[in-house]
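Architecture and fold: a report
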Amino acid sequence: MSERGKVVAILSYEAWRHPRAIKIARTLAKHGYKIKMWGARKPIHRGPRIIKALFNYIFTIIEVALLKADFYWVENVPDIIYIPLPILGRKYVYDRRSPWAKQVQLELGLKIANKLIEVIERFMIKHAQHIVVVSTSMKAEFNYQHPVTILPNYTEKSFIRPPTKDIRAELGIPATRKIFIYVGKLSKIEGTDLLIPIAKAIVGLNAELWIVGDGPARSIAEKLAKKFSNNVKWFGWVERAKIPDYILAADYGIVPRHKTPFSIFYSYEGVHKIGEYFAYGKPVIASGIAPSKYYLVVNPEKLPETIAKVAKGELEPPKLPRNFIWEKQCEHKVIEVIRLLENM
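Below you will find a few notes about this structure.

Conventions and cut-offs
- Residues numbered from 1 in each chain as written.
- Predicted model: local features only at pLDDT ≥ 70, side-chain atom pairs only at ≥ 80, totals over all residues.
- Heavy atoms only, no water.
- Pairing = 2+ DSSP bridges.
- Helix = DSSP H or I, 4+ residues; strand = E, 2+ residues; numbered from the N terminus.
- Axes fitted to C-alpha atoms, helices over the stretch in contact; angles between N-to-C directions.
- Contact = heavy atoms within 4.5 Å.
- Buried < 20%, exposed > 50% of the residue type's maximum accessible area, 1.4 Å probe, protein only.
- Polar contact = N/O pair within 3.5 Å; in protein donor to acceptor, adjacent residues only side chain to side chain.
- Parallel < 35°, antiparallel > 145°, perpendicular 65-115°, else oblique.
- Nonpolar A, V, L, I, M, F, W, Y, C, P; charged D, E, K, R; others polar.
- Right-handed = clockwise from strand over helix to strand, strands pointing away.
- Expected span 1.5 Å × (residues − 1).
- 1 Å grid on protein atoms, 1.4 Å probe; cavity = no way out; pocket = protein on both sides within 12 Å on 5 of 7 lines; lining within 4 Å.
- Points joined across faces, edges and corners; volume = space filled by probe spheres on them.

1. Quick word on the sheet that holds strand E6 (residues 148-150)
- Across the sheet, six strands lie side by side as E2-E1-E3-E4-E5-E6; this open sheet has parallel pairing. The open sheet is flanked by strand E2 (34-38) and E6, the only strands paired with a single partner. Each neighbouring strand pair of the sheet contributes to a mean axis angle of 20 degrees, computed without reference to strand direction.
- Across five bridges, strand E1 (residues 7-11) lies against E2 in parallel orientation. Within E2, the position partnered with Val8 by the bridge is Ile35.
- Of the strands in this sheet, E1, strand E3 (71-75), strand E4 (92-96), strand E5 (130-133) and E6 are in contact with helix H14 (residues 331-342), which crosses E3 at around 130 degrees.

Quick look at the structure:
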(Lines give C-alpha, C1' and ligand atoms only; values in the text may rest on other atoms or scores of the structure.)
Protein backbone atom coordinates (compact mmCIF):
# COMPACT_ATOMS: atom_id res chain seq x y z
CA MET A 1 0.00 0.00 0.00
CA SER A 2 1.07 3.61 -0.54
CA GLU A 3 1.52 4.86 3.03
CA ARG A 4 2.00 8.46 1.96
CA GLY A 5 -1.12 8.72 -0.18
CA LYS A 6 0.77 9.88 -3.24
CA VAL A 7 -1.31 11.37 -6.06
CA VAL A 8 -0.94 9.80 -9.49
CA ALA A 9 -2.50 11.51 -12.50
CA ILE A 10 -3.51 9.14 -15.30
CA LEU A 11 -3.48 11.07 -18.59
CA SER A 12 -5.22 9.65 -21.64
CA TYR A 13 -6.60 11.83 -24.43
CA GLU A 14 -9.89 9.91 -24.47
CA ALA A 15 -9.55 8.40 -21.01
CA TRP A 16 -13.02 6.93 -20.60
CA ARG A 17 -12.81 5.15 -23.96
CA HIS A 18 -9.44 3.56 -23.20
CA PRO A 19 -9.73 0.49 -20.96
CA ARG A 20 -5.94 0.51 -20.42
CA ALA A 21 -6.00 3.86 -18.64
CA ILE A 22 -8.93 2.76 -16.49
CA LYS A 23 -7.20 -0.52 -15.57
CA ILE A 24 -4.06 1.32 -14.47
CA ALA A 25 -6.13 3.76 -12.40
CA ARG A 26 -8.03 0.94 -10.68
CA THR A 27 -4.82 -0.92 -9.93
CA LEU A 28 -3.17 2.09 -8.31
CA ALA A 29 -6.31 3.01 -6.35
CA LYS A 30 -6.49 -0.56 -5.04
CA HIS A 31 -3.00 -0.14 -3.63
CA GLY A 32 -3.71 3.10 -1.79
CA TYR A 33 -2.73 5.75 -4.32
CA LYS A 34 -4.93 8.78 -4.91
CA ILE A 35 -5.93 9.02 -8.54
CA LYS A 36 -6.62 11.97 -10.80
CA MET A 37 -8.14 10.70 -14.03
CA TRP A 38 -7.65 13.17 -16.83
CA GLY A 39 -9.03 13.18 -20.36
CA ALA A 40 -9.24 15.96 -22.93
CA ARG A 41 -12.48 17.94 -22.79
CA LYS A 42 -12.14 19.46 -26.29
CA PRO A 43 -14.46 22.44 -25.64
CA ILE A 44 -14.41 23.81 -29.21
CA HIS A 45 -17.04 22.01 -31.28
CA ARG A 46 -17.69 24.42 -34.16
CA GLY A 47 -15.62 25.85 -36.95
CA PRO A 48 -13.21 24.51 -39.58
CA ARG A 49 -11.66 21.19 -38.60
CA ILE A 50 -8.03 22.35 -38.51
CA ILE A 51 -8.82 25.52 -36.52
CA LYS A 52 -11.03 23.57 -34.13
CA ALA A 53 -8.31 20.95 -33.56
CA LEU A 54 -5.66 23.64 -33.04
CA PHE A 55 -7.64 25.48 -30.36
CA ASN A 56 -8.61 22.22 -28.62
CA TYR A 57 -4.95 21.17 -28.52
CA ILE A 58 -3.91 24.53 -27.06
CA PHE A 59 -6.63 24.29 -24.42
CA THR A 60 -5.56 20.72 -23.61
CA ILE A 61 -1.88 21.63 -23.29
CA ILE A 62 -2.79 24.38 -20.79
CA GLU A 63 -4.90 21.89 -18.80
CA VAL A 64 -2.01 19.42 -18.64
CA ALA A 65 0.35 22.16 -17.45
CA LEU A 66 -2.02 23.09 -14.62
CA LEU A 67 -2.69 19.50 -13.49
CA LYS A 68 -1.07 18.88 -10.09
CA ALA A 69 0.10 15.43 -8.94
CA ASP A 70 3.12 13.66 -7.50
CA PHE A 71 3.50 11.44 -10.54
CA TYR A 72 1.99 11.28 -14.03
CA TRP A 73 1.21 8.18 -16.09
CA VAL A 74 0.98 9.33 -19.69
CA GLU A 75 -0.38 7.46 -22.71
CA ASN A 76 1.57 8.40 -25.82
CA VAL A 77 -1.34 9.36 -28.06
CA PRO A 78 -1.00 12.18 -28.98
CA ASP A 79 2.40 13.13 -27.56
CA ILE A 80 2.25 16.86 -28.24
CA ILE A 81 -0.35 17.63 -25.56
CA TYR A 82 1.93 16.27 -22.81
CA ILE A 83 4.88 18.57 -23.63
CA PRO A 84 4.37 20.64 -20.42
CA LEU A 85 5.37 17.67 -18.25
CA PRO A 86 9.05 17.43 -19.24
CA ILE A 87 9.32 21.22 -19.63
CA LEU A 88 8.06 21.72 -16.06
CA GLY A 89 10.23 18.92 -14.69
CA ARG A 90 7.36 16.63 -13.67
CA LYS A 91 7.99 12.95 -12.91
CA TYR A 92 6.17 10.84 -15.45
CA VAL A 93 5.83 7.34 -16.83
CA TYR A 94 5.69 7.33 -20.61
CA ASP A 95 3.28 4.55 -21.60
CA ARG A 96 3.79 3.65 -25.27
CA ARG A 97 0.65 1.73 -26.16
CA SER A 98 1.30 2.05 -29.90
CA PRO A 99 3.96 3.33 -32.34
CA TRP A 100 1.85 6.46 -32.71
CA ALA A 101 4.40 8.67 -34.46
CA LYS A 102 5.12 5.99 -37.07
CA GLN A 103 1.43 5.38 -37.66
CA VAL A 104 0.73 9.10 -38.16
CA GLN A 105 3.64 9.37 -40.58
CA LEU A 106 2.20 6.52 -42.62
CA GLU A 107 -1.25 8.11 -42.75
CA LEU A 108 -0.35 11.77 -43.32
CA GLY A 109 2.75 11.47 -45.47
CA LEU A 110 3.65 15.09 -44.63
CA LYS A 111 7.42 15.39 -44.13
CA ILE A 112 7.38 18.54 -42.00
CA ALA A 113 4.58 17.30 -39.73
CA ASN A 114 6.21 13.88 -39.51
CA LYS A 115 9.54 15.35 -38.42
CA LEU A 116 7.84 17.43 -35.73
CA ILE A 117 5.97 14.41 -34.40
CA GLU A 118 9.18 12.38 -34.28
CA VAL A 119 11.04 15.16 -32.42
CA ILE A 120 8.26 15.43 -29.83
CA GLU A 121 8.16 11.67 -29.33
CA ARG A 122 11.91 11.46 -28.74
CA PHE A 123 11.74 14.44 -26.38
CA MET A 124 9.08 12.69 -24.30
CA ILE A 125 11.15 9.50 -24.23
CA LYS A 126 14.33 11.33 -23.23
CA HIS A 127 12.82 13.08 -20.21
CA ALA A 128 10.62 10.27 -18.87
CA GLN A 129 11.58 8.68 -15.55
CA HIS A 130 10.36 5.30 -16.79
CA ILE A 131 9.17 3.80 -20.07
CA VAL A 132 6.30 1.33 -20.32
CA VAL A 133 5.56 -0.50 -23.56
CA VAL A 134 2.56 -2.61 -24.43
CA SER A 135 4.37 -5.43 -26.22
CA THR A 136 7.71 -7.23 -26.35
CA SER A 137 8.40 -6.00 -29.88
CA MET A 138 7.95 -2.35 -28.86
CA LYS A 139 10.72 -2.69 -26.30
CA ALA A 140 13.13 -3.15 -29.21
CA GLU A 141 11.74 -0.19 -31.18
CA PHE A 142 14.19 2.35 -29.69
CA ASN A 143 17.40 2.44 -27.73
CA TYR A 144 15.48 4.00 -24.85
CA GLN A 145 18.42 4.50 -22.46
CA HIS A 146 15.83 4.25 -19.68
CA PRO A 147 14.36 1.42 -17.63
CA VAL A 148 11.63 -0.25 -19.73
CA THR A 149 8.72 -2.37 -18.47
CA ILE A 150 6.55 -4.52 -20.75
CA LEU A 151 2.95 -4.09 -19.61
CA PRO A 152 0.56 -6.09 -21.82
CA ASN A 153 -2.97 -4.88 -22.40
CA TYR A 154 -4.71 -7.97 -21.02
CA THR A 155 -8.33 -7.81 -19.97
CA GLU A 156 -9.46 -7.58 -16.35
CA LYS A 157 -10.97 -10.52 -14.50
CA SER A 158 -14.10 -8.46 -13.92
CA PHE A 159 -14.73 -8.43 -17.69
CA ILE A 160 -15.46 -12.17 -17.52
CA ARG A 161 -19.02 -12.65 -16.35
CA PRO A 162 -22.12 -14.73 -17.11
CA PRO A 163 -24.26 -13.46 -20.01
CA THR A 164 -27.12 -11.09 -19.26
CA LYS A 165 -29.03 -12.36 -22.30
CA ASP A 166 -28.80 -14.96 -25.03
CA ILE A 167 -28.39 -12.94 -28.22
CA ARG A 168 -28.39 -16.01 -30.45
CA ALA A 169 -31.75 -17.09 -29.04
CA GLU A 170 -33.17 -13.57 -29.36
CA LEU A 171 -32.17 -13.44 -33.02
CA GLY A 172 -33.21 -17.04 -33.73
CA ILE A 173 -29.71 -18.10 -34.82
CA PRO A 174 -29.06 -21.86 -34.48
CA ALA A 175 -25.93 -23.18 -32.74
CA THR A 176 -24.75 -24.73 -36.02
CA ARG A 177 -24.38 -21.32 -37.67
CA LYS A 178 -20.84 -19.94 -37.24
CA ILE A 179 -20.54 -16.34 -36.13
CA PHE A 180 -17.41 -14.26 -36.74
CA ILE A 181 -17.35 -11.15 -34.58
CA TYR A 182 -15.50 -7.87 -34.91
CA VAL A 183 -15.48 -5.65 -31.82
CA GLY A 184 -13.93 -2.19 -31.86
CA LYS A 185 -13.63 1.19 -33.50
CA LEU A 186 -14.70 1.46 -37.12
CA SER A 187 -11.79 3.12 -38.90
CA LYS A 188 -9.26 2.54 -41.63
CA ILE A 189 -6.49 1.96 -39.09
CA GLU A 190 -8.56 -0.79 -37.50
CA GLY A 191 -9.14 -2.35 -40.94
CA THR A 192 -12.89 -1.76 -41.21
CA ASP A 193 -12.64 -1.73 -45.02
CA LEU A 194 -11.33 -5.31 -44.86
CA LEU A 195 -14.76 -6.36 -43.61
CA ILE A 196 -16.13 -5.80 -47.14
CA PRO A 197 -14.43 -8.82 -48.80
CA ILE A 198 -15.07 -10.88 -45.66
CA ALA A 199 -18.81 -10.25 -46.00
CA LYS A 200 -18.68 -11.27 -49.65
CA ALA A 201 -16.70 -14.42 -48.86
CA ILE A 202 -19.32 -15.84 -46.47
CA VAL A 203 -22.36 -15.23 -48.70
CA GLY A 204 -24.12 -18.56 -49.17
CA LEU A 205 -22.34 -20.14 -46.22
CA ASN A 206 -23.84 -21.09 -42.87
CA ALA A 207 -22.06 -18.15 -41.26
CA GLU A 208 -22.49 -14.54 -40.18
CA LEU A 209 -20.30 -11.51 -39.64
CA TRP A 210 -21.20 -9.47 -36.57
CA ILE A 211 -19.87 -5.92 -36.28
CA VAL A 212 -19.95 -4.36 -32.81
CA GLY A 213 -18.68 -0.78 -32.72
CA ASP A 214 -18.84 2.65 -34.28
CA GLY A 215 -16.48 5.26 -35.66
CA PRO A 216 -15.44 7.26 -38.74
CA ALA A 217 -15.94 4.26 -41.06
CA ARG A 218 -19.47 3.51 -39.85
CA SER A 219 -20.83 3.88 -43.41
CA ILE A 220 -19.05 0.64 -44.35
CA ALA A 221 -20.85 -1.27 -41.60
CA GLU A 222 -24.18 0.31 -42.53
CA LYS A 223 -23.83 -0.62 -46.21
CA LEU A 224 -22.69 -4.17 -45.47
CA ALA A 225 -25.61 -4.79 -43.09
CA LYS A 226 -28.06 -3.60 -45.78
CA LYS A 227 -26.47 -5.31 -48.78
CA PHE A 228 -25.74 -8.64 -47.07
CA SER A 229 -28.58 -8.71 -44.56
CA ASN A 230 -28.60 -12.51 -44.43
CA ASN A 231 -24.95 -12.70 -43.42
CA VAL A 232 -24.01 -9.39 -41.79
CA LYS A 233 -25.32 -7.72 -38.65
CA TRP A 234 -24.15 -4.34 -37.38
CA PHE A 235 -25.04 -3.55 -33.77
CA GLY A 236 -23.46 -0.10 -33.58
CA TRP A 237 -21.82 1.17 -30.42
CA VAL A 238 -22.47 -1.13 -27.47
CA GLU A 239 -21.92 -0.28 -23.81
CA ARG A 240 -18.77 -2.01 -22.59
CA ALA A 241 -20.64 -3.89 -19.85
CA LYS A 242 -22.76 -5.57 -22.54
CA ILE A 243 -19.98 -6.53 -24.95
CA PRO A 244 -19.44 -9.94 -23.28
CA ASP A 245 -22.94 -10.98 -24.37
CA TYR A 246 -21.95 -10.51 -28.01
CA ILE A 247 -18.57 -12.21 -27.70
CA LEU A 248 -20.13 -15.16 -25.89
CA ALA A 249 -22.67 -15.58 -28.68
CA ALA A 250 -19.94 -15.71 -31.35
CA ASP A 251 -17.69 -18.57 -32.40
CA TYR A 252 -14.60 -16.65 -33.56
CA GLY A 253 -13.08 -13.23 -33.01
CA ILE A 254 -11.56 -11.40 -35.97
CA VAL A 255 -8.86 -8.72 -36.08
CA PRO A 256 -8.64 -7.33 -39.64
CA ARG A 257 -5.70 -4.97 -40.07
CA HIS A 258 -3.72 -3.81 -43.06
CA LYS A 259 -0.12 -4.90 -43.28
CA THR A 260 2.29 -2.00 -42.66
CA PRO A 261 5.97 -1.66 -41.79
CA PHE A 262 4.77 -1.43 -38.17
CA SER A 263 2.56 -4.53 -38.04
CA ILE A 264 5.16 -6.31 -35.90
CA PHE A 265 4.35 -3.95 -33.02
CA TYR A 266 0.74 -5.15 -32.78
CA SER A 267 0.09 -8.50 -31.11
CA TYR A 268 -2.00 -10.29 -28.50
CA GLU A 269 -0.07 -8.35 -25.86
CA GLY A 270 -1.28 -4.97 -27.03
CA VAL A 271 -4.46 -5.33 -29.12
CA HIS A 272 -7.17 -5.12 -26.49
CA LYS A 273 -9.87 -6.91 -28.45
CA ILE A 274 -7.69 -10.02 -28.75
CA GLY A 275 -7.51 -10.24 -24.96
CA GLU A 276 -11.29 -9.93 -24.78
CA TYR A 277 -11.77 -12.74 -27.32
CA PHE A 278 -9.28 -14.90 -25.39
CA ALA A 279 -11.08 -14.23 -22.11
CA TYR A 280 -14.21 -15.90 -23.48
CA GLY A 281 -12.42 -18.75 -25.20
CA LYS A 282 -12.94 -17.52 -28.75
CA PRO A 283 -10.30 -18.51 -31.33
CA VAL A 284 -8.88 -15.53 -33.21
CA ILE A 285 -8.33 -14.97 -36.93
CA ALA A 286 -6.25 -11.92 -37.80
CA SER A 287 -4.30 -10.07 -40.46
CA GLY A 288 -1.68 -7.33 -40.45
CA ILE A 289 -0.39 -8.03 -36.93
CA ALA A 290 2.58 -9.90 -35.50
CA PRO A 291 2.54 -13.69 -35.91
CA SER A 292 1.79 -15.79 -32.83
CA LYS A 293 1.17 -19.40 -31.86
CA TYR A 294 -1.99 -18.22 -30.13
CA TYR A 295 -4.01 -17.17 -33.19
CA LEU A 296 -4.27 -17.62 -36.94
CA VAL A 297 -2.69 -14.69 -38.80
CA VAL A 298 -2.62 -14.28 -42.58
CA ASN A 299 -1.96 -11.54 -45.11
CA PRO A 300 -4.94 -9.16 -45.45
CA GLU A 301 -5.76 -10.34 -48.98
CA LYS A 302 -6.01 -13.93 -47.67
CA LEU A 303 -8.28 -13.08 -44.76
CA PRO A 304 -11.66 -13.52 -46.58
CA GLU A 305 -10.83 -16.97 -47.97
CA THR A 306 -9.34 -18.03 -44.62
CA ILE A 307 -12.55 -17.09 -42.81
CA ALA A 308 -14.58 -18.91 -45.47
CA LYS A 309 -12.49 -22.05 -44.91
CA VAL A 310 -13.07 -21.83 -41.16
CA ALA A 311 -16.80 -21.35 -41.79
CA LYS A 312 -16.83 -24.51 -43.92
CA GLY A 313 -14.90 -26.53 -41.35
CA GLU A 314 -11.81 -26.87 -43.52
CA LEU A 315 -9.53 -24.97 -41.14
CA GLU A 316 -9.38 -24.31 -37.40
CA PRO A 317 -7.41 -21.59 -35.54
CA PRO A 318 -4.92 -22.59 -32.80
CA LYS A 319 -5.82 -23.43 -29.22
CA LEU A 320 -6.11 -20.47 -26.87
CA PRO A 321 -3.69 -19.38 -24.15
CA ARG A 322 -4.76 -19.37 -20.51
CA ASN A 323 -4.26 -16.93 -17.64
CA PHE A 324 -3.74 -13.85 -19.82
CA ILE A 325 -5.54 -11.75 -17.22
CA TRP A 326 -4.62 -8.24 -16.06
CA GLU A 327 -4.66 -9.05 -12.35
CA LYS A 328 -2.34 -12.05 -12.75
CA GLN A 329 0.12 -10.70 -15.27
CA CYS A 330 0.07 -6.90 -15.05
CA GLU A 331 -1.02 -5.40 -11.72
CA HIS A 332 2.27 -6.03 -9.92
CA LYS A 333 4.17 -4.37 -12.77
CA VAL A 334 2.12 -1.16 -12.44
CA ILE A 335 2.92 -0.96 -8.73
CA GLU A 336 6.61 -1.71 -9.30
CA VAL A 337 6.88 1.14 -11.81
CA ILE A 338 5.28 3.73 -9.51
CA ARG A 339 7.42 2.63 -6.57
CA LEU A 340 10.51 3.14 -8.72
CA LEU A 341 9.40 6.75 -9.24
CA GLU A 342 8.77 7.15 -5.51
CA ASN A 343 12.37 6.14 -4.81
CA MET A 344 13.90 8.57 -7.30
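After that view, the rundown keeps rolling.
2. Brief notes about helix H12 (residues 303-311)
- Judged by how many residues are buried, H12 sits mostly within the fold: seven of nine residues are covered.
- Those residues of H12 that sit buried are Leu303, Pro304, Thr306, Ile307, Ala308, Val310 and Ala311.
- Buried residues along H12 sit against strand E7 (178-183), helix H8 (195-201), strand E8 (207-212), strand E10 (252-256), strand E11 (284-287) and strand E12 (296-298).
- Among the residues trailing H12, Gly313 stands out with phi positive, at a value near 80 degrees.

3. Remarks on the sheet that holds E11
- Across the sheet, which stays open at both edges, the six strands sit in the order E9-E8-E7-E10-E11-E12 with parallel pairing between neighbours. The sheet is open, and its two edges are formed by strand E9 (232-236) and E12, each paired on a single side. Each neighbouring strand pair of the sheet contributes to a mean axis angle of 20 degrees, computed without reference to strand direction.
- With six bridges connecting them, E7 and E8 associate as parallel partners. From the neighbouring strand, Ile181 faces E8, where its bridge partner is Trp210.

4. Things to note about the side chain of Gln129
- Looking at where Gln129 falls in the secondary structure, it is placed in the loop between helix H5 (111-127) and E5.
- Looking at Gln129, its side chain comes within polar contact range of the main-chain nitrogen of Tyr92, at 2.7 Å.

5. Describing the packing of helix H1 (residues 19-30) against H14
- Where H1 contacts H14, the axes come no closer than 10 Å and their chain directions differ by 70 degrees. When the axes of H1 and H14 are compared, the pair comes out roughly perpendicular. Contacts between H1 and H14 involve Ile24, Thr27, Leu28 and Lys30 on the former and, on the latter, Glu331, Val334, Ile335 and Ile338.
- Its residues assigned to classes, the contact of H1 with H14 shows five nonpolar, one polar and two charged.

6. What to know about the pairing of E9
- Here E8 runs beside E9; their pairing, made up of four bridges, is parallel. By the bridge assignment for E9, Ile211 is matched with Trp234.
- Between the parallel pair E8 and E9, the chain is carried across by helix H9 (residues 218-227), and the sense of this crossover is right-handed.

7. Considerations on H1
- Between the first and last C-alpha of H1 there are 16 Å, a value that for twelve residues agrees with the 16 Å anticipated at 1.5 Å per step.
- For H1, the set of buried residues is Arg20, Ala21, Ile22, Lys23, Ile24, Ala25, Thr27 and Leu28.
- The first or second residue beyond H1 is Gly32, which carries a positive phi of 95 degrees.

8. Re the environment of His130
- Take His130: it is sitting in strand E5.
- Taking the C-alpha atoms as reference points, His130 and Pro147, separated by 17 residues in sequence, lie 5.6 Å from one another.
- Contact partners of His130, with chain neighbours within four places excluded, come to Tyr92, Val93, Tyr94, Pro147, Val148, Thr149, Val337, Leu340 and Leu341.
- At a separation of 2.7 Å, a polar atom in the side chain of His130 contacts the side chain of Thr149.

9. With respect to the environment of His272
- Inspection of the secondary structure puts His272 in helix H11 (residues 272-279).
- For His272, a relative accessible area of 14% puts it in the buried group.
- Along the backbone, His272 and Arg20 are 252 residues apart, and their C-alpha atoms lie at a distance of 8.4 Å.

10. Let's talk about the layout of surface pockets
- Taken as a whole, the second largest pocket holds about 210 Å³ of empty space.
- Lining the second largest pocket are Ile160, Gly275, Phe278, Ala279, Gly281, Lys319, Leu320, Pro321, Arg322, Asn323, Phe324 and Ile325.

11. With respect to unusual backbone geometry
- Phi is positive for Gln145, close to 55 degrees, though the residue is something other than glycine.
- With respect to the helices and strands, the residue Gln145 is situated in the loop between helix H6 (136-139) and E6.
- Overall, Gln145 belongs to the exposed group, its relative accessible area being 69%.

Function cannot be read off these values alone, since they describe shape.
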